[in-house]
Amino acid sequence: MEFHINRSLQINPNYMAGPTVADLAQSNELHPLCASIFQTKDEVVGNLTPLRLHTHQLQALSAGKSGSSYVVTTGTGSGKSLCFFIPIIDAILRERTTDSLPRTRAIIVYPMNALANSQMEELEKYLQNVSPRPLTFARYTGQEDSALREGISNNPPDILLTNFVMLEYLMTRQDPIDKKVIGNCAGLRFLVLDELHTYRGRQG
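The following paragraphs examine the structure supplied in this document. Note that the coordinates shown come from a computational prediction; the quantities given were computed from them, not determined experimentally. (Residues numbered from 1 in each chain as written. Predicted model: local features only at pLDDT ≥ 70, side-chain atom pairs only at ≥ 80, totals over all residues. Heavy atoms only, no water.)

## Quick look at the packing of aromatic side chains
1) Next: Under the defined criterion, the tally for this structure stands at two aromatic pairs.
2) Next: For the pair Phe 38 and Tyr 126, a centre-to-centre distance of 5.2 Å together with 50° between the ring planes defines the contact as tilted. Linking Phe 38 in the loop between helix 2 (33-37) and strand 2 (39-41) with Tyr 126 in helix 5 (residues 113-127), this pair joins segments that are 88 residues apart in sequence. Grouping residues by exposure puts Phe 38 and Tyr 126 together as buried.
3) Next: Plain terms: the ring middles of Phe 84 and Phe 85 are 4.8 Å apart, the flat faces sit at 55° to each other, and that makes the pair tilted. (Phe/Tyr/Trp six-rings, centres within 6.5 Å; stacked < 30°, edge-to-face > 60°. Helix = DSSP H or I, 4+ residues; strand = E, 2+ residues; numbered from the N terminus. Buried < 20%, exposed > 50% of the residue type's maximum accessible area, 1.4 Å probe, protein only.)

So, in structure tokens, the structure goes:
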């Protein structure tokens, strides 16, 4: 009887470490509240510790703060969402000190509702570290009923999470609620495409 053992080798990438969010907040590179928002919880003892950034996240933050457009390509599990969440939240916190008018300042476009839903959980995980909430976010993907959609149109969130189909509807459909939602995006600061895809036909 012969036995064949299949061995597989898996390499876990080690991303270059940078400063913590608390370090950047202390040096005024980030709004002071970012230090409280971007913390990680130790699942064993429950303590909160400052989130340490990778070098590519620090580079993305620098690009975001300068107002430049940028593309992030990096490995799975390397914190790509923080490459846009941190500069967006920093900018919103700073803007709201001088401009308190409720409006949508950032739109994040997802290819699938499942990704938008998971990112809502990610945002919730960080923003629950601060009370009261210093900013707002909402999902507008077609999963919401009319009452929720109307609530979003009347109380514009700082960050709007949507998908490419719904964004097209918002820009082209003459529904009064949709028109109000897109109208609340006047002066939009950030437009994020979470995953780059090529679209053909009407969507393109």
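## What about the sheet that holds strand 7 (residues 159-163)?
1) Next: Spatial ordering of the open sheet is given by 6-7-5-8, a layout of four strands whose pairing is parallel. Among the strands making up the open sheet, the edge pair consists of strand 6 (137-139) and strand 8 (190-193). On average, each strand axis in the sheet is tilted by 15° relative to the strand beside it, whichever way the strands run.
2) Next: Relative to strand 7, strand 6 runs parallel, the two sharing three bridges. Across the sheet, Phe 137 pairs through a bridge with Ile 159, a residue of strand 7.
3) Next: Against the sheet, helix 4 (residues 82-96) makes contact with strand 5 (106-110), strand 7 and strand 8, and its axis sits at roughly 160° relative to strand 5, the strand it touches most.
4) Next: Contacts from helix 5 reach strand 5, strand 6 and strand 7, with the element oriented near 160° to strand 6. (Pairing = 2+ DSSP bridges. Axes fitted to C-alpha atoms, helices over the stretch in contact; angles between N-to-C directions. Contact = heavy atoms within 4.5 Å.)

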